[in-house]
Amino acid sequence: MLIFIYLLLLAGVFFTLNQNFFLIYIGCIVDVYVIYLIFKVTKNWSNKLLAVVPLVLGIIYIVQLYSVYAVGGYLSPLAIQNAQTAYTTDIKYTLLIWVLLIFALVYLVEMVRPQKQNKNTTAAIIVPLYLLSIPIAPLANNFSVNVLESPIRSFALSAYAAYFNPNKKSDINFLQIGSLRKRQVYEYRNKYINVSDKNIVVIFSEGISSRWIAPYGGIYSDLTPNLNKLYGESFVIDNYYNHTAATFRGLRGQLLSSFQRIGGSNVEKTGLMQRQDSIKSKFNWTYPVEALKDEGYKSYFYLSQENVLNKMLETLKFDEVYGRTKLSELYLDGKIDSKVLTDKQLFESMLKSLIEKNEKGEKFFAALYNFDTHNNLNAEISYRGLNNEVLNRLKKFDSIFGDFLQEFKKSRLSENTVLIFTSDHSTFPDRHARSADPRMPHFFVDKIPFLIYGNGIKHNIFDAEGATSIAFMPTLLDFLGIKNFSNMMIGCSMFEKCSANRLIVIGDERFQTSREGFVPIKNNNEFHKQHQIVDLSLNLSDFN
């Protein structure tokens, strides 16, 4: 019995800090009981070589527990595929070696001890049932343990997926991700915003820097009157930068709180928009959207397109991604012939959809990404006769957003829904943008808006001191009071301090922010030595 007491004690030590401790521990008890039954059977058999079966199962069990200790979850298929890279990690194996040696010693003692001859009826029933339960167990994701997972069943599933249904091998050293794993979203909740249990609507405006909004320091007082008014009615976050660009990296990077290597397009023709195959994440994250689902939220994304961007957003675990086709059919009479919805059509259809959901009593997190303010697009509105496409499209967008905001305020959504206005990234600094504002940086980096509007939220201005949009999702969860969520978010709430909040990665370019602004990094090698978290994030967020 010493072996099994030892194995159960190990599980207790490794899982004590897990919020689902009791449900997860049941899986360990089941596994240990199965090992015990197999041990009793094989010990009585004349062929003592079969005694290696429970020994191997015990080793697998311990290695799985160590994986939880080092990384956060049981070994995933990709981790098993890349087992040969384990020796390159900085994680210490001393503890694992000692635990395995003690287990081997206890196992040897138990093997030489005399045992009464017993019938194997229980084992004959339990072991086959256990084997039949393996296919219905959840697949490991490497950094969190799910209810109903157990060490040995999880390993069997991962090994099968790795060797009989393998994905493309990754260059990720999975044991290294233990340094990224966080058990909580924040340490201390912010003292400014508390919107627990309220609906959330996030507007990821396409390429709008905060410099175009007059109260943010914009030079055109009448360019965005509706956004100016929203500024005065909102909790304002200032001195806040985009952490990456362009849209593919910006949206996914903010919603995951990660850096992403691959963008929409590139000269090598390997961008997501240029791919012909399916979009599949290389690594199965604990998606921040799932933290909202755990609190009873439904999650939706609205956009005017119907292309690869929709597919990428679907990988982020939204309950529904509403693109051009679905919005047209449900809310626009199916009469849309253009490739993308106009911003007016997008805002109107999203509002109709959310009003319906609110009337049904749904609690939701919704996000929108518009398109008409995209680089190189113009608008039929001519702002001040300046013949500047950036100013023209911003003026038109503000008018459309103002109509949406007015209808939002009239609806019952305004009673229980918080509206957040921000951007997917800053304005692309082409000649039109630099002509409109000569102060424009010559990099795809700039301050972007972050306005929080809702019933009970007072106007105030918070200086983010150079924090970037990698802090967006941790900050949102901070607003909602969602603290206990095991996660891999690179950034932290902007109300706390972490170095990742000051880093910007756009393709091969690296920047670092401060309260005074941002500076380009000339020595990328030195940058990556100091901030190894960047390389880990780039690898983890990649696609097959």
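Located above this text is the structure these notes cover.
Residues numbered from 1 in each chain as written. Predicted model: local features only at pLDDT ≥ 70, side-chain atom pairs only at ≥ 80, totals over all residues. Heavy atoms only, no water.

### Notes on the overall build of the protein chain
- A count of helical and extended segments in the protein chain gives 19 helices and 11 strands.
- For the protein chain, with 544 residues in total, the buried portion stands at 57%.
- Pairs at least 24 apart in sequence give 75% of the contacts found in the protein chain among residues at least 6 apart.
- Accessible surface, the protein chain: about 24,200 Å² in total, of which carbon and sulfur atoms supply 56%. (Helix = DSSP H or I, 4+ residues; strand = E, 2+ residues; numbered from the N terminus. Buried < 20%, exposed > 50% of the residue type's maximum accessible area, 1.4 Å probe, protein only. Contact = heavy atoms within 4.5 Å. Areas by Shrake-Rupley, 256 points an atom, 1.4 Å probe, with all protein chains shown as cover.)

### Considering the state of the cysteines
- Applying the stated criterion across every chain yields a total of one disulfide.
- At a sulfur-sulfur separation of 2.3 Å, the disulfide partner of Cys492 is Cys498. In this structure, the disulfide formed by Cys492 and Cys498 twists by about -105° around the S-S bond and is classed as left-handed.
- Residue classification places Cys498 among the partly exposed residues on the basis of a relative accessible area of 24%. (Disulfide = S-S within 2.5 Å.)

### Notes on the sheet that holds strand E3 (residues 298–303)
- The strand order across the open sheet formed by eight strands is E4-E3-E5-E1-E6-E7-E2-E8, and the pairing between neighbours is mixed. At either end of the open sheet lies a strand with only one pairing partner, and these are strand E4 (320–322) and strand E8 (460–463). On average, each strand axis in the sheet is tilted by 15° relative to the strand beside it, whichever way the strands run.
- Sheet topology note: the E3/strand E5 (residues 364–369) ladder contains six bridges and is parallel. (Pairing = 2+ DSSP bridges. Axes fitted to C-alpha atoms, helices over the stretch in contact; angles between N-to-C directions.)

### Observations concerning the pairing of E5
- Within E5, six of the six residues are buried, which leaves it mostly tucked inside the rest of the structure.
- Covered by surrounding structure in E5 are Phe364, Ala366 and Leu368 together with Phe365, Ala367 and Tyr369, the residues of both alternating faces.

### What about the sheet that holds strand E10 (residues 509–514)?
- Spatial ordering of the open sheet is given by E9-E10-E11, a layout of three strands whose pairing is antiparallel. Since the sheet does not close on itself, it has two edges, and those belong to strand E9 (503–506) and strand E11 (517–520), each with one partner. Between one strand axis and the next, the sheet turns by 25° as a mean value, whatever way the strands run.
- Relative to E11, E10 runs antiparallel, the two sharing four bridges.

### Some thoughts on unusual backbone geometry
- Here the residue pair Ala245 and Ala246 is connected by a cis peptide bond, since its omega of 0° sits within 30 degrees of zero.
- The topology assignment puts Ala246 in the loop between strand E2 (235–238) and helix H9 (247–256).
- Within the chain, Ser257 stands out as a residue other than glycine whose phi angle is a positive 60°.
- Structurally, the position occupied by Ser257 is in the loop between H9 and helix H10 (288–294).
- For Ser257, a relative accessible area of 0% gives the class buried.
- Its identity is not glycine, yet Lys317 carries a phi of approximately 75°, on the positive side.
- In this fold, Lys317 is placed in the loop between helix H11 (308–314) and E4.
- Residue classification places Lys317 among the partly exposed positions, given a relative accessible area of 33%.

### Some remarks on helix H5 (residues 94–112)
- End to end, H5 covers 28 Å across 19 residues, agreeing with the expected 27 Å (1.5 Å per residue, within 8%).
- Buried residues of H5: Leu96, Val99, Phe103, Val106, Tyr107 and Glu110, and no others. Down the axis of H5, the buried side of the element spans an arc of 105°, and every buried residue falls inside it. Along H5, the residues that are exposed and aim more than 90 degrees away from the buried face are Thr94, Trp98, Leu105, Leu108 and Val112. (Expected span 1.5 Å × (residues − 1). Arc of directions from axis to C-beta.)

### What about the pairing of E10?
- Of the pairings in the sheet, the one linking E9 to E10 comprises four bridges and is antiparallel in character. When the bridges of E10 are listed, Ile506 appears paired with Glu509.
- Here E9 hands over to E10 after two residues, with Gly507 in that stretch at a positive phi of 60°.

### Things to note about the packing of aromatic side chains
- Taken as a whole, this structure holds 32 aromatic pairs when the rule is applied.
- Where Phe103 meets Tyr107, the ring centres are 5.9 Å apart and the plane angle is 45°; that geometry is what we call tilted. Here the residue Phe103 and the residue Tyr107 both occupy positions in helix H5, the gap between them amounting to four residues, near one helical turn. Accessibility classification places Phe103 together with Tyr107 in one group, the buried group.
- Here a set of aromatic residues connected by ring pairs shows up, and it is made of Tyr192, Phe204, Phe235, Tyr240, Phe301, Phe318, Phe365, Phe450, Phe462, Phe472, Phe479 and Phe495.
- One Lys or Arg, Lys326, reaches over the ring of Tyr322 and ends 5.8 Å from the middle of that ring.
- One Lys or Arg, Lys357, reaches over the ring of Tyr300 and ends 4.0 Å from the middle of that ring. (Phe/Tyr/Trp six-rings, centres within 6.5 Å; stacked < 30°, edge-to-face > 60°. Lys NZ or Arg CZ within 6 Å of the ring centre and 35° of its normal.)

### Brief notes about the pattern of salt bridges
- Summed over all chains, the structure comprises 15 salt bridges.
- Across the salt bridge formed by Arg211 and Asp437, the nearest N and O atoms sit 2.9 Å from each other. Of this pair, Arg211 sits in the loop between strand E1 (199–205) and helix H8 (225–233) while Asp437 sits in the loop between helix H16 (431–436) and strand E7 (451–453), and the two are 226 residues apart along the sequence.
- The partner of Arg515 in a salt bridge is Asp463, and the shortest N-O contact between them spans 3.1 Å. Of this pair, Arg515 sits in the loop between E10 and E11 while Asp463 sits in strand E8, and the two are 52 residues apart along the sequence.
- Judged by its relative accessible area of 49%, Arg515 falls in the partly exposed class.
- Salt bridges sharing common partners tie together Arg211, Asp437, Arg439 and Asp446. (Salt bridge = Lys/Arg side-chain N within 4 Å of Asp/Glu carboxyl O.)

### What to know about the side chain of Ser349
- If you trace the backbone, Ser349 turns up in helix H13 (residues 343–359).
- Residue Ser349 is classed as buried on the basis of its relative accessible area of 1%.
- Here the side chain of Ser349 touches Leu346 through a polar contact of 3.0 Å, landing on its backbone oxygen.
- Contacts of Ser349, omitting those with residues within four sequence positions, involve Leu327 and Tyr331. (Polar contact = N/O pair within 3.5 Å; in protein donor to acceptor, adjacent residues only side chain to side chain.)

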